[in-house]
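Residues per chain are reported as follows:
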Amino acid sequence: MSKSGEVSWKSENLGKRRWAFVVFLGILILHGLAILVFTRGFLLTRTELSQYSHCSDIQQSPCFSPPQDDQMVNHSKGCWTKPAIDRIFIIVLDALRYDFVAPSTFFYEKKPWMDRLQVLHKLASQPGSFAKIFKAIGDPPTTSLQRLKGLTTGGLPTFIDVGNSFGAPAIIEDNLIYQMAKNGKRVVMMGDDTWVQLFPQHFNISHPFPSFNVKDLDTVDNGCVEHLFPYLYQEDWDVLIAHFLGVDHAGHIFGVDSTEMIEKLEQYNGILEKVVDVLESRSGPGGLHENTLLLVMGDHGQTINGNHGGDAPEEVETSLFGMSLQMNPSSLPSETDSSSCWLDTEKRKICTSSIEQLDLLQQYLLCLAFRILLEASGVLILNCMH
Ligand SMILES: [Zn+2]
Ligand SMILES: [Zn+2]
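Residues numbered from 1 in each chain as written. Chains lettered and ligands numbered in written order. Predicted model: local features only at pLDDT ≥ 70, side-chain atom pairs only at ≥ 80, totals over all residues.

Asks: What's the story with the overall build of the protein chain in this structure? I'm lost.
Replies: Looking only at helices and strands, the protein chain has 12 helices and 9 strands in total. Each of the 386 residues in the protein chain was classed as buried or not, and the buried ones make up 38%. In the protein chain, the share of contacts with a sequence separation of at least 24, taken over all contacts with a separation of at least 6, comes to 68%. (Helix = DSSP H or I, 4+ residues; strand = E, 2+ residues; numbered from the N terminus. Buried ≥ 20, exposed ≤ 12 C-beta atoms within 10 Å, placed from the backbone. Contact = placed C-beta atoms within 7 Å.)

Below you can see the structure in the form of structure tokens.
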């Protein structure tokens, strides 16, 4: 090859290499952009605020007027509002589908797992009672950890959080349990140990049980039953949380349409009957539960195969049953009541409404007379406030 031929071959080769480098760089930049769009868009990230809500925040509101002397007594017990209730008893039945609680007459077809929690139908249909069944809509991802985080911080969880489901880090942002503990409320927890991973410092007393053996349908539930009933006769708590896992585990192993699931629901019906008996027997004037609110709720639903985590209607829809033990609770103004009413299998009239799960947090706080969290989403449901 002549010298000039060799030079032109070399420069042609160099040109090809440059092109290859430019193409490689272009693909690299394109990949980088795609990953950025994916992580910022699909995998939403959350910024946790370091501020906490305080009683004095209300004074900055243009609507604030200092309380009169006679109101000071009531305000000193609470914070932003006058307390509407003294105690809350929250029973979490994990993966409680809406059709486990609502009567079968609400659906096109009666299924074997429906109408098993008869005690809730009876209470919700009693004339003059202040008990109601709600369909509560959660936000995906519908795993226990993300739903508990949503319920206690009022924030929207992200899919990237799902990776934390095993060994959850403690919540450091403003949250319901922190505010309760800070305001002197004595919080007792029993059942699913996810609660103590999220709130390692805040419970006065806790009775956690391991939650990850899904083949075990009874250890957590039996632990709850063993510890639950003695507390119902005691004065030394303001908030009692009992988290049962049997229905979630029965779903994962056997599916919704199974004998094991029906047995679990019937076991819960018996437990709830006993709980309500004890609460009602002490709800008279001056009684231990004169001013107690009972909530029975799911954290998310589950599919017919017992799966949850996604955004299918069966997964995001769960149940909430609320009952005030007060003799004369403040009633819901009729213009804000969006109930639809049906007859159940016993021809009893039962009314239900649909609510967003996120709205519950602010509701708890105002019912117990605290304040609204800075970071929380959701709207107020008025019937707890005088
Ligand atoms: Zn769950
Ligand atoms: Zn589960």
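There's plenty left to go through after this.
Asks: Just to check I follow, could you spell out the pairing of strand β2 (residues 131–137) for this structure?
Replies: Each regular strand carries side chains that alternate between the two faces of the sheet. When β2 meets strand β7 (residues 317–324), the two strands line up antiparallel, connected through 7 bridges. For Phe134, the partnering residue across the bridge sits in β7 and is Leu320. (Pairing = 2+ DSSP bridges.)

Asks: How should I be thinking about helix α8 (residues 219–232) in this particular structure?
Replies: Each α-helix winds once per 3.6 residues, and so residues spaced three or four apart point in a common direction. When the terminal C-alpha atoms of α8 are compared, their 21 Å separation across 14 residues agrees well with the 20 Å that a helix rising 1.5 Å per residue should span. Those residues of α8 lying buried are Val220, Asp221, Gly223, Cys224 and Leu228. Take α8 and look down its axis: the buried residues cluster within an arc of 150°, on one side only. In this structure, α8 carries Glu226 and Pro230 as exposed residues pointing more than 90 degrees from its buried face. Residues of α8 that are buried in the fold lie against β3 (187–192), β4 (205–209), β5 (239–244) and α9 (246–254). (Expected span 1.5 Å × (residues − 1). Arc of directions from axis to C-beta.)

Asks: Looking at this structure, how should I read the packing of α9 against helix α10 (residues 259–281)?
Replies: Each pair of packed helices can be described by the angle between their axes along with the distance between the axes. Between α9 and α10, whose axes approach to 9 Å, the crossing angle comes to 175°. Between α9 and α10, the angle is such that the two are roughly antiparallel. Contacts between α9 and α10 involve Gly246, Val247, Ala250, Gly251 and Phe254 from the former and Glu260, Met261, Lys264 and Leu265 from the latter. For the contact of α9 with α10, a count of residues per class yields 5 nonpolar, 2 polar and 2 charged. (Axes fitted to C-alpha atoms, helices over the stretch in contact; angles between N-to-C directions. Parallel < 35°, antiparallel > 145°, perpendicular 65-115°, else oblique. Nonpolar A, V, L, I, M, F, W, Y, C, P; charged D, E, K, R; others polar.)

Asks: Help me out: how do you make sense of α9 in this one?
Replies: Those residues of α9 not exposed but buried are Gly246, Val247, Asp248, His249, Ala250 and Gly251. Looking at the buried residues of α9, the elements they touch are β1 (87–93), α8, β5 and α10. Among the residues trailing α9, Gly255 stands out with phi positive, at a value near 90°.

Asks: Whenever I open this one, the sheet that holds β7 confuses me. Can you help?
Replies: Neighbouring strands of a sheet are bound in pairs by backbone hydrogen bonds; such pairs are parallel or else antiparallel. An order of β4-β3-β5-β1-β6-β7-β2-β9-β8 is seen for the 9 strands of this open sheet, with the pairing classed as mixed. Taken across any chain shown, the strands that pair with only one partner, and hence form the sheet edges, are β4 and β8 (340–343). For this sheet, the mean inter-axis angle between neighbouring strands, taken without regard to orientation, is 20°. Sheet topology places strand β6 (residues 292–297) next to β7; 5 bridges connect them, and they run antiparallel. Counted as the bridge partner of Leu295 is Gly322 from β7. Running over the sheet, α8 touches β3, β4 and β5 and is turned about 155° from β3.

Asks: Looking at this model, I keep getting lost on the environment of Leu272. Mind explaining?
Replies: Note that Leu272 resides in helix α10. Residue Leu272 is classed as buried on the basis of its 20 C-beta neighbours within 10 Å. Each C-alpha atom, one on Leu272 and one on Val296, is 9.0 Å from the other, the two residues being 24 residues apart in sequence. Non-local contacts of Leu272, meaning those with residues more than four positions away in its chain, are made with Leu117, Val119, Leu120 and Val296.

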